[in-house]
Amino acid sequence: MKEENSENKLFTDRKISRRLLLGGAATAAVVLVQTSVGKMVQAAVPESVVPPLLTDSTSLTAADLIADPTRIPGRGPSVSGMPSSFENPQRIPSLTSSRTPLQDLYGTITPSALHFERHHGGIPVIDPQKYELVIHGMVDKPLVFSLADLKRFPSVTRTCFIECSGNFRSGKEEMSPQEICGLTSQSEWTGVMLSTLFREVGVREKASWFLAEGGDAAVMTRSIPVSKGWDDAMIAYAQNGEAVRPEQGYPARLLLPGWEGNTSVKWLRRIELSDQPYMTREETSKYTETVKGGKIRQFSFVMDARSIITFPSFPVQLERGYVEIRGIAWTGRGKIVKVEISVDAGRSWAPAELQGPVLDKAHTAFRYLWKWEGRETEIMSRAVDETGYVQPSYQELSAARESKGGYHFNPITKWRVERSGKVLLGA
Ligand SMILES: Nc1nc2c(c(=O)[nH]1)N[C@H]1C(S)=C(S)[C@@H](COP(=O)(O)O)O[C@H]1N2
Ligand SMILES: [Mo]
């Protein structure tokens, strides 16, 4: 490039660059580094931390650069960024889902790359130029919308969580928050209100349900009450400031704030209005749960209030002294109004501080200052939402459901802190 800007010029004019020949290979090194929690660990320094201009590896190694980052100019700007090579939070993928590493995150927004995934037929590749959303059935004027059409309507942006209703695992002591309930994530979504499109097609008064259909190999379908469509349903085409990720439904997905993740149909291609539910596979043989008396509950859309302490949690090794207990709480019924903490195995409870602004149907960060004296105990959090609903204990919930798990299972998570500082999932 001819037209270098002045910043680049400064960089290349620096004396030091003359020793650094272009074109050679940089070395990786093993060095002691400090992690974000303050522990010194041995880490292999990847070549990517070595500036591209540093090629005279005999005079300066990657280890030298980390020991004194002021010795030569660092790597220059790039077209797209990556997390620090010292940080490596990862989803846990299986064949059909992956889980958000809740214990490695801060605040309430899930980085898009770490949003949990649940696919019934894999991730389709959809050409945004060919994308179409059909809305038909009990409407005055059936219409086909291109992606550009959707983007031409007034847009809205809101932050909310998506949680899979199958978000509960247990069964061993050595489980992290990610393994227990990593099927919840939060993004800032942008798109068009479904109510805007409903007005455009003229949804008939008699229409009480709509079918949402995905364009993936599962052609996943769900029946949704029309009232949710008029209320706060969105067609989202953007996530955390960029286009929706392929994993999250690119180029557009249905977003039903506060409702079980399954209803937020990804790769949305068709909406059909009707006066009755369609009884699809996902709302008959799946996504139903047992309740007392051998009965089965169907169309249980709303996610109940839940919380989890993400620090300290397995696999943290706790040290004595002041500990800021941290976690997230959320509810599909509006706002979280209170999170209570017990540090004495449930004998007494005290309110945690909620990080504002507390948003509707959104992950809410909480914290609670605790002085751990080194005694064995159990710590836990309990969420209360604006309807007065209180997150149940495992014992209460399993009695009410006559079951040890299943969909919509949101019990209090207990962490057992051993004298050694080991933190394990409690019973
Ligand atoms: N078309 C389609 N939509 C879908 C799915 C799917 O497999 N296909 N999975 C559903 C399920 S079960 C959940 S929990 C959420 C997950 O959304 P995410 O992968 O963006 O986290 O998408 C829902 N929408
Ligand atoms: Mo799900």
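Quick notes on the rules
Residues numbered from 1 in each chain as written. Chains lettered and ligands numbered in written order. Predicted model: local features only at pLDDT ≥ 70, side-chain atom pairs only at ≥ 80, totals over all residues. Heavy atoms only, no water. UniProt positions renumbered as here; feature names shortened; annotations may be inferred. Helix = DSSP H or I, 4+ residues; strand = E, 2+ residues; numbered from the N terminus. Buried < 20%, exposed > 50% of the residue type's maximum accessible area, 1.4 Å probe, protein only. Areas by Shrake-Rupley, 256 points an atom, 1.4 Å probe, with all protein chains shown as cover. Pairing = 2+ DSSP bridges. pLDDT = per-residue confidence, 0-100. Contact = heavy atoms within 4.5 Å. Near = heavy atom within 4 Å. Polar contact = N/O pair within 3.5 Å; in protein donor to acceptor, adjacent residues only side chain to side chain. Nonpolar A, V, L, I, M, F, W, Y, C, P; charged D, E, K, R; others polar. Arc of directions from axis to C-beta. Lys, Arg positive; Asp, Glu negative; His and termini not counted. Salt bridge = Lys/Arg side-chain N within 4 Å of Asp/Glu carboxyl O.

- Labelled according to an unreviewed UniProt entry, the chain appears under the name Sulfane dehydrogenase subunit SoxC, originating from Pedobacter westerhofensis.
- As recorded by UniProt, the Cofactor (unreviewed entry) comment attached to the chain reads in full: "Mo-molybdopterin".

## Digging into the overall build of the chain
Part 1 of the reasoning: From N to C terminus, the chain includes 7 helices and 26 strands.
Part 2 of the reasoning: Of all 427 residues assigned to the chain, the portion counted as buried reaches 48%.
Part 3 of the reasoning: In the structure as shown, the chain presents an accessible area of about 21,300 Å², 52% of it carried by carbon and sulfur atoms.

## Details of the sheet that holds strand β22 (residues 353-354)
Through backbone hydrogen bonds, the strands of a sheet pair up, either in parallel or in antiparallel fashion.
Part 1 of the reasoning: Pairing within the open sheet is antiparallel, and its 4 strands lie in the order β18-β19-β23-β22. In this open sheet, the two strands that pair with only one neighbour each are β18 (306-311) and β22.

## Section: the confidence of the model for the chain
Part 1 of the reasoning: Averaged over all residues, the pLDDT of the chain equals 89, while 86% of them reach at least 70.
Part 2 of the reasoning: Taken element by element, the chain is modelled with least confidence in helix α1 (residues 6-13), mean pLDDT 37, and with most confidence in strand β14 (residues 253-255), mean pLDDT 99.
Part 3 of the reasoning: This stretch, residues 1-29, has a pLDDT under 50; its non-local contacts, to residues over four places away or in other chains, come to 41 contacts.

## Brief notes about the site of ligand 1
Part 1 of the reasoning: Residues in close proximity to ligand 1 total 20 residues, the closest being Phe116, His120, Asp216, Arg253 and Lys266.
Part 2 of the reasoning: The backbone of His120 places a nitrogen or oxygen atom 2.7 Å from an oxygen atom of ligand 1.
Part 3 of the reasoning: Within the side chain of Gln248, an N or O atom sits 3.1 Å from an oxygen atom of ligand 1.
Part 4 of the reasoning: Among the residues forming the shell around ligand 1, the class breakdown is 6 nonpolar, 8 polar and 6 charged.

## A word on helix α7 (residues 394-401)
Part 1 of the reasoning: If you check which residues of α7 are buried, you get Leu397, Ser398 and Arg401. Relative to the axis of α7, the buried residues are bounded by an arc of 95° and lie together on one face.
Part 2 of the reasoning: Each element contacted by the buried residues of α7 is listed here: β16 (289-291) and β17 (295-297).
Part 3 of the reasoning: At the C-terminal side of α7, Glu402 shows a positive phi close to 50°.

## Section: the sheet that holds strand β24 (residues 377-385)
Part 1 of the reasoning: A sheet is described by the order of its strands in space; here 5 strands give the open sequence β21-β20-β24-β25-β26, paired in antiparallel fashion. Because the sheet does not close on itself, it has two edges, and the strands there are β21 (350-351) and β26 (423-425).

## Structural notes on the pairing of strand β9 (residues 184-193)
Part 1 of the reasoning: Counted residue by residue, β9 has 9 buried out of 10 residues, so it is predominantly covered.
Part 2 of the reasoning: Across 8 bridges, strand β8 (residues 156-163) lies against β9 in antiparallel orientation. Directly across from Val156, in β9, lies its bridge partner Gly191.
Part 3 of the reasoning: Of the pairings in the sheet, the one linking β9 to strand β12 (residues 234-239) comprises 5 bridges and is antiparallel in character. In the strand pairing of β12, Gly191 is matched with Ala236.

## Quick look at the environment of Asp344
Part 1 of the reasoning: Mapping Asp344 onto the fold places it in the loop between β20 (336-342) and β21.
Part 2 of the reasoning: With 34 residues separating them along the chain, Asp344 and Glu378 place their C-alpha atoms 5.9 Å apart.
Part 3 of the reasoning: Excluding residues that lie within four positions of it along the chain, Asp344 makes contacts with Thr377 and Glu378.
Part 4 of the reasoning: A polar contact is formed between the side chain of Asp344 and the backbone nitrogen of Arg347, at a distance of 3.2 Å.
Part 5 of the reasoning: Only 2.6 Å separates the side chain of Asp344 from the side chain of Ser348, close enough to count as a polar contact.

## Quick word on the side chain of Asp385
Part 1 of the reasoning: Relative to the elements of secondary structure, Asp385 occurs in strand β24.
Part 2 of the reasoning: It is Arg333 that comes nearest to the buried, bridge-free Asp385 among opposite-charge side chains, at 4.9 Å.
Part 3 of the reasoning: Reaching out from Asp385, the side chain makes a polar contact with the side chain of Thr331 at a distance of 2.8 Å.
Part 4 of the reasoning: Among the polar contacts made by the side chain of Asp385, one reaches the side chain of Thr387 at a distance of 2.5 Å.
Part 5 of the reasoning: Beyond its immediate stretch of four places on either side in the chain, Asp385 contacts Ala305, Thr331, Arg333, Lys335, Ile336 and Val337.

## What about the side chain of Thr413?
Part 1 of the reasoning: The residue Thr413 is located in the loop between α7 and β25 (414-417) in this model.
Part 2 of the reasoning: For Thr413, a relative accessible area of 7% corresponds to the buried category.
Part 3 of the reasoning: The contacts of Thr413, once residues within four sequence positions are left out, are Ile180, Ile308, Ile379, Met380, Ser381 and Leu425.

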